[in-house]
Amino acid sequence: MESDMEFDWVLEEGARLGADYVSLLYQETVYESFTADNRNVREISRRRAKGLGIQVLRGGGLGFASTSTLDKDSISRCLKKALATASAVKMVSETKLTEAKPVEDRAVSRFKIDPLEVDFQDKIDLVLKANKAAFVDPRVKSATTRLAVHYDRRIVKSTEGVDVEVKCFTTGLSHLAVAYEAGVMERVLHQRAEVAGWEFIQESDWEAFTTDLSKLACKAVSCKTPPPGSYTVVVDPEIIGILLHEAFGHASEGDLVASGASILKGRLGEKVASKLVTVVDEGVVEGGYFVPYDDEGTPKRRTVVVDKGVLRSFLTSRTTAAELGIENTGNGRCQDFQNIPIVRQTNYYMLPGDMSFEELLEDVGFGIYIRGVGATGGQVDPGMGTFTFSVGPSFMIRNGELAEMVRGVVISGFILDVLKGVDAVAADLRIRTSIFGGCGKDGQIVRVGFGGPHIRVRRMTIGGGG
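Just so we're clear, the structure is a prediction, and the values are computed from it rather than from any experiment. (Residues numbered from 1 in each chain as written. Predicted model: local features only at pLDDT ≥ 70, side-chain atom pairs only at ≥ 80, totals over all residues. Heavy atoms only, no water.)

Trainee: I'd love a proper account of the side chain of Thr144, names of residues and values included.
Mentor: Here Thr144 shows up in strand S5 (residues 140-158). Thr144 gets classed as buried once you look at its relative accessible area, which sits at 19%. Of note is the side chain of Thr144, whose polar atom sits 3.0 Å from the side chain of Asp37. Excluding residues that lie within four positions of it along the chain, Thr144 makes contacts with Thr35, Ala36, Asp37, Arg42, Asn131, Ser174, His175 and Leu176. (Helix = DSSP H or I, 4+ residues; strand = E, 2+ residues; numbered from the N terminus. Buried < 20%, exposed > 50% of the residue type's maximum accessible area, 1.4 Å probe, protein only. Polar contact = N/O pair within 3.5 Å; in protein donor to acceptor, adjacent residues only side chain to side chain. Contact = heavy atoms within 4.5 Å.)

This is how it looks when you write it as C-alpha cells:
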C-alpha cells in the first residue's frame, strides 16, 4: 500500500514542468458480490483495483490522465500526458478554478468489523439461507438474493496544500421476488445497505427481509391497478428521496445550470416550492453515503438548496463555481481515479416537519399512499422538470385511513408543481444509500444518499398499468 509521501514528488515534478496547478487522486477499491438464485449459489466475485488520476492546469488549459501502473516511470508518463493535454486544450478553452483552502485530514467511516476479513463461506451461507427463506408461497416463481461488500480509499493532494484521505466501508443485501398468478406477474426488488462494517449484516434478519418481500409480491400480484387520475398523495420517504434526487437534485447541479440544461437556471431567490419544503445536500448524515470531502479535497458540509420554498443555491465544483461566480459547495466527485470530477450530489434530502404519518392521512377523503419498496425506476428531464416513475405496491386512502393495496402505480408530473403542492410534512426523516448501484451522469456512477420524511401533496397525476 502506497504511503502518502510516495505521491508528493508528483506535485513537485508537475510544478517543475510548468503546471500552474497539479492535483492527484489515488484510489484503491475492493468490491465483493455473492449471488444466490432460486436456492443455488450463482456467482461469487471479488474485484480489486487501484490507480492514480492526475489533473493539471497550465495556461488556463485543463489536462487529465490516469494510470493503474504505479511505478515511478508510469506515473511520470501519466503526468506528462496530462501536461500535454493541458497545453493542447489551452488553445481552445480556458478553465478557471475557485480558490482552495489548504486542508489536511484523515477520515474513516464508522465500522466495527472489517467485512473484507470475514470468511467467504460465511458470506455464501448467509446469502443462500436468505434466498431459500424467500420461497414461502407456491406463487413465488423466482428469487434472487445478492450480498455485497465495498471498500473505497481515496487520497487527494494538490499543489495548493490539499492533503486528505477518506476510507469507507459499505455493506448490504438486495432481493428480487417474482410472484405469478392467473397470468399476472409481480416483481418486487428492494435492498438495504449502510455505510458500515460486517456488523450491519450480522445484526439484521435477512431471512425475514426476503420473506417479507416474497409475501408482498404474492399479495400485490392479485391486486388491481388504481384508476388513472389526479389524487391527493401521501409519499413515503423513499419515493420523495428518489423524486428529489432525480427530478430536482440534478436540476440544481451547477454544470447543468451553466449549460442551460436546468429548469432552475436564473431562479435563485425565487419561490420554487411550498414554504414547508427545505432541501439540503450534506456529505455526512445518518443513513447516507460517506462524503466528508469531495474528490477535489473540498470539505463537503451541508448546502441548503431550498430554504422554506425559496431556491437559495446550486451545487458546484471548483470549475462550475468559478463559471457561475458563486461559492464552491464541495460537490466535485468522480466515479474513480480514471475520471475527472464533475458536479454530483452527495446526500440529497428534504428536512422533516413536525406531523405524524397518521396526521397526514387524517385529512385525506380519497387518495393514495405511494411506497418505494418494489419501485422500478423511471425517467426525468432536468431541463423541463418533468418526471415519470413506477413505484412499488401502494395503498388507496379512504376517509383518512389506509384501504386496499394497488399495484402497477405510475406517478408523473412537473417537479415544481409537486413541490409547490406539499401541504404537510411529517417528522419521520429516513435517508438511505445503496451498494448495488448509484447515480449515473456523463458515463460516471457515484454512490449517493437520498430520502426525506413522509409528505402530503394535494395533487399528483397517478397512472396504473401492468
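The structure having been displayed, the exposition proceeds.
Trainee: Give a detailed account of a negative patch on the surface, specifying residues and quantitative values.
Mentor: Taken together, Asp354, Glu358, Glu359 and Glu362 make up a surface patch of like negative charges. With respect to the secondary-structure elements, Asp354 resides in the loop between strand S14 (347-350) and helix H9 (357-362). Its relative accessible area of 69% is what places Asp354 among the exposed residues. (Patch = residues over 30% accessible without salt bridge, like charges linked within 9 Å, V, L, I, M, F, W, Y side chains within 5 Å. Areas by Shrake-Rupley, 256 points an atom, 1.4 Å probe, with all protein chains shown as cover. Salt bridge = Lys/Arg side-chain N within 4 Å of Asp/Glu carboxyl O. Lys, Arg positive; Asp, Glu negative; His and termini not counted. Charge placed at Lys NZ, Arg CZ, Asp CG, Glu CD.)

Trainee: Tell me about empty space enclosed by the protein, and please be specific about residues and values.
Mentor: Enumeration over the complete set of coordinates arrives at one cavity of 30 Å³ or more. Here the largest cavity is characterised by a volume of approximately 100 Å³. Those elements that provide at least two residues to the lining of the largest cavity are strand S1 (21-37) and strand S2 (40-58). Among the elements that take part in the lining of the largest cavity, S1 stands out by supplying four residues, more than any other. Across the lining of the largest cavity, the residue classes break down as eight nonpolar, four polar and two charged. (1 Å grid on protein atoms, 1.4 Å probe; cavity = no way out; pocket = protein on both sides within 12 Å on 5 of 7 lines; lining within 4 Å. Points joined across faces, edges and corners; volume = space filled by probe spheres on them. Nonpolar A, V, L, I, M, F, W, Y, C, P; charged D, E, K, R; others polar.)

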